[in-house]
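So the chains spell out like this:
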Amino acid sequence: MTTLNLRLPIEGMSCASCVSRVEKALSAQRGVRSASVNLASNSAELTLDQGTATTELVAAVNKAGYQCPVERVELVIGGMSCASCTGRVEKVLGRLPGVLSASVNLAAGRAWVELLAGSQDSTALIAAVEKAGFSAEAADAESRGEPDDGREREQYALKRSLMMAAVLTLPVFILEMGSHFVPGMHHWVETTLGQSLNWQLQFVLTTLVLFGPGGLFLKKGLPALLRGAPEMNSLVALGGLAAWGYSTLATFAGHWLPTGSRQVYFEATAVIVTLILLGRYLEARAKGRTGEAIKKLLSLQAPTARVERDGHTEDLPLERVKVKDRVRVRPGERIPVDGTVVDGVSWVDESMLTGEPEPVEKGEGDEVTGGTVNNKGSLLVEVTQVGKQTRLAQIIRMVEQAQGAKLPIQALVDKVTGVFVPVVMGLATLTFVLWWWLGPAPALSFALVNGVAVLIIACPCAMGLATPTSIMVGTGRAAELGVLFRKGEALQALRGAKVIAFDKTGTLTEGKPELTDLQVGEGFDKDTVLAHIAAVEQRSEHPIAEALVAAAQERNLNLPGVSEFDTVTGMGVSAMVDGVRVNVGADRYLRSLEMDLAVFADTAGRLASEGKTPLYVAIGGKPAAILAVADKVKAGTPEAIAALHRQGFKVAMITGDNKGTASAIAARLGIDAVEAEVMPDGKVEALAHLRRQHGAVAFVGDGINDAPALAAADVGLAIGTGTDIAIEAADVVLMRGDLRAVPQALALSRATLSNIRQNLFWAFAYNVCLIPVAAGVLYPAFGLLLSPMLAAGAMALSSVFVVTNALRLKRFRPAGQDAE
């Protein structure tokens, strides 16, 4: 068996025992002949059997407790025309050593390759693609606009070919079909040109069409056929050449054909090429519109920035702007960089990020984002992020990755299209043989016409475009609405969610609690107790702590000194204040300290019924006070929950509040299920409980402690105003804090999946219904045959239909979320 060598980069090894463990794990894998791990180079040199899956080797290393660094390469692919092409490109890329996965998007004309760091460079990937018969080039941040230029060139070339083919085809069509439908024309052609000259003229014009504009199909289709990987162009090439070859034979050596079979089909060949070129042109124009979301995002990037350096101001290209530079932004200008305002006050239009039309006030210390618009005042901004690290660049990257994703539903399409073209060629051959053997006279003519019709009509273009075009348009429209799908797969996963679970603080609520109630026990002074509470809580970073400290500051209380501060995670805090132990926390915390809270029972019940969170204070080992903080519910929360109910979802809340408070809030908001008194590390288990009860769970959160739950949920939705850690763990990012974006994301997911199903139904139903018709099954009963010209027109229109149907998603409106 053929073997190959692979260098596997490994991270996390620190000693000889690590080396031994990794070698043992790799050597145990099927297909590994030898494994030698080098600690100094942090890599393993492997000898493998041909075809050994790299993903299994990486999984073995991960299972052993180490990591294989992975990188992602993006390629722009040219020359793909159908689903068979994408499958071919994925296959050749996937065979390369070190490649973990390859995903090719026909609509975007791009390939995303995940591979071991350093195992292959883009040159090797490009060479593999070109060897398979396609063009390829590396895509980078600087060349993001080039694919649009390439599409424009493609449209221009197709338009030119279409015009040329149409001009040459029209006389052929008139000479042949006019003789059948225009009274007296057949006689006029016979008396002026004669049959021989008529056919010879059609031969010349059709040959120019087939080998001129139609050469596009021959150049790609015939080599693919010779490689044993036939695709859409192969079907067109075979069908066109068959009709042209038969007609040429009838024209110049008709005596070799059976009696009655001397007929020509030049018009079919010419019209087939012209109609398919028309379909390609219309498809290319429609596909160009699927990427408009990326174009809009790219157009938001300002080309230059007005930089103040050493007392001088100059306009510099963005690539020359550095972190810590200071940029002046005048009224009406687009902010060119991410940064912090160091001088000036203005109102900034952030609708490109949040979808909210109202400008936001910005002043000293506030962060601004590149691509937003400065409305009124002049701002001086200190640069914090440049290049690929800017928020806009990250958004563009997220949208591109989501648009290139393959949904699980695509697996069925890939399986079918992988064998589709060879099966069609077999059916065309079978059709030809059966008609020649069993058909009426002239049997050979019938066999040729029906065989060519099967080849032409059974194009897998529509199947290849059905899913990626919908994903591109759907995720692009989502980005315009402030919903970023970090993973395109989340589109389908969201569709399957049964319950939507929300974190409470900072998600359902503003995350800015305020002190609303403070009742002290007998023998305690309210101001003294509050000063002790604030003294302890100023050491904490919890939002509730900030509210308590703010309340003390409002009363101008002097805070005593604190020592021995300690946090009990999810329970409360304690410290020594003026030599006395102070404990502040939830009821479960003080009960764990064996304190009797019965004196505050009535007040606790009242507070909980009002949806407030009661906290208790102990000073010197005695219950001293009960207090309540209330966190204002976000303005759009009730409307969002109502919209989710209309869409048929159950809504759940996960909170650390006690059950009484949580139930009161849930009742007020119409929430169906509550997971209360959940510790920060218990949210994952709470999700598992909801999943067992209701099914697939989507979780919405914003904080650092939400990251595990966002990752563990079937779909994680992070509030974009939250922490970076939460956003990185999520599948979907909501760019604004308004929860009405959640039902919008879910509605758009449903609309996109519905659109994909419509496209797939059309693509498959079209082929299932029309291939038998093209083969002639209706002829015995109804005398009907499908002309190859009509087959070409139907095939061209099928792809245009799929792309046009996907473009309907551009009209998706949040107000119509229940409609689709």
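Residues numbered from 1 in each chain as written. Predicted model: local features only at pLDDT ≥ 70, side-chain atom pairs only at ≥ 80, totals over all residues. Heavy atoms only, no water.

We now examine the overall build of the protein. Helix and strand counts for the protein stand at 30 helices and 29 strands. Considering only C-alpha atoms, the protein reaches an extent of 125 × 65 × 65 Å along its principal axes. Pairs at least 24 residues apart make up 69% of the contacts formed inside the protein by residues separated by at least 6 positions. On the protein, roughly 35700 Å² of surface is accessible, and the fraction owed to carbon and sulfur atoms is 55%. Counting 76 positive and 83 negative side-chain charges, the protein places the averaged centre of each group 7 Å from the other. (Helix = DSSP H or I, 4+ residues; strand = E, 2+ residues; numbered from the N terminus. Contact = heavy atoms within 4.5 Å. Areas by Shrake-Rupley, 256 points an atom, 1.4 Å probe, with all protein chains shown as cover. Lys, Arg positive; Asp, Glu negative; His and termini not counted. Charge placed at Lys NZ, Arg CZ, Asp CG, Glu CD.)

Where helix α22 (residues 601–609) is concerned, the buried positions are T603, A604, L607 and A608. One face of α22 carries all of its buried residues, which in axial projection span an arc of 130°. Of the residues in α22, the exposed ones pointing more than 90 degrees away from the buried face are D602 and S609. Where α22 is buried, its residues touch β19 (514–520), β23 (613–619), β24 (622–630) and α24 (659–669). Following α22 by one or two positions, G611 adopts a phi angle in the positive range, close to 80°. (Buried < 20%, exposed > 50% of the residue type's maximum accessible area, 1.4 Å probe, protein only. Arc of directions from axis to C-beta.)

Here we take up the UniProt feature "transmembrane region" (unreviewed entry) in the protein. This chain's UniProt record puts "transmembrane region" (unreviewed entry) on residues 161–181, 201–222, 234–257, 263–282, 416–438, 444–467, 760–779 and 785–807. With 86% helix and 0% strand, residues 201–222 has its two end C-alpha atoms placed 26 Å apart. Its end C-alpha atoms 28 Å apart, residues 760–779 is made of 85% helix and 0% strand. (UniProt positions renumbered as here; feature names shortened; annotations may be inferred.)

Here strand β25 (residues 650–654) lies mainly inside the structure; four of its five residues are buried. Looking at chain direction, strand β18 (residues 499–503) and β25 are connected through five bridges and run parallel. The residue bridging V499 from the neighbouring strand is K650, located in β25. Examined bridge by bridge, β25 and strand β26 (residues 673–675) share three bridges and lie parallel to one another. (Pairing = 2+ DSSP bridges.)

With that settled, consider the UniProt feature "domain: HMA" (unreviewed entry) in the protein. The positions UniProt marks with the feature "domain: HMA" (unreviewed entry) are residues 4–69 and 71–137. Across residues 4–69, helical content stands at 33% and strand content at 30%; the span's end C-alpha atoms are separated by 21 Å. Taken end to end, residues 71–137 comprises 33% helix and 37% strand; its first and last C-alpha atoms sit 17 Å apart.

Attention now moves to the sheet that holds β26. Reading across the sheet, the seven strands line up as β17-β29-β28-β27-β18-β25-β26 and stay open at both edges, with mixed pairing between neighbours. With partners counted over all chains shown, the strands left at the sheet margins are β17 (483–485) and β26, one partner each. Taking each pair of neighbouring strands and ignoring which way they run, the sheet shows an average axis angle of 20°. (Axes fitted to C-alpha atoms, helices over the stretch in contact; angles between N-to-C directions.)

Moving on: the environment of R309. Its location among the elements puts R309 in strand β8 (residues 304–309). We classify R309 as partly exposed; its relative accessible area is 24%. Residues R309 and G31, spaced 278 residues apart in sequence, show a C-alpha to C-alpha distance of 60 Å. For R309, the residues in contact, after removing those within four places along its chain, are L316, R320, V321, K322 and D325. A distance of 3.2 Å separates a polar atom in the side chain of R309 from the backbone oxygen of R320. (Polar contact = N/O pair within 3.5 Å; in protein donor to acceptor, adjacent residues only side chain to side chain.)

If you trace the three strands from one edge of the open sheet to the other, you get β13-β12-β15, paired in antiparallel fashion. Unpaired on one side and paired on the other, β13 (360–362) and β15 (373–374) mark the two borders of the sheet. In this sheet, β15 lies alongside strand β12 (residues 346–349) in antiparallel orientation, the contact comprising two bridges. In the sheet register, V348 faces β15, and the bridge partner there is N374.

With that out of the way, let us pick up the confidence of the model for the protein. In this model, the protein carries an average pLDDT of 83, and 92% of its residues clear a pLDDT of 70 or more. Predicted confidence is poor over residues 141–147, with pLDDT under 50, and the contacts of this stretch with residues over four places away or in other chains come to ten contacts. Scored below 50 in pLDDT, residues 816–820 makes nine contacts in the model with residues more than four places away or belonging to other chains. (pLDDT = per-residue confidence, 0-100.)

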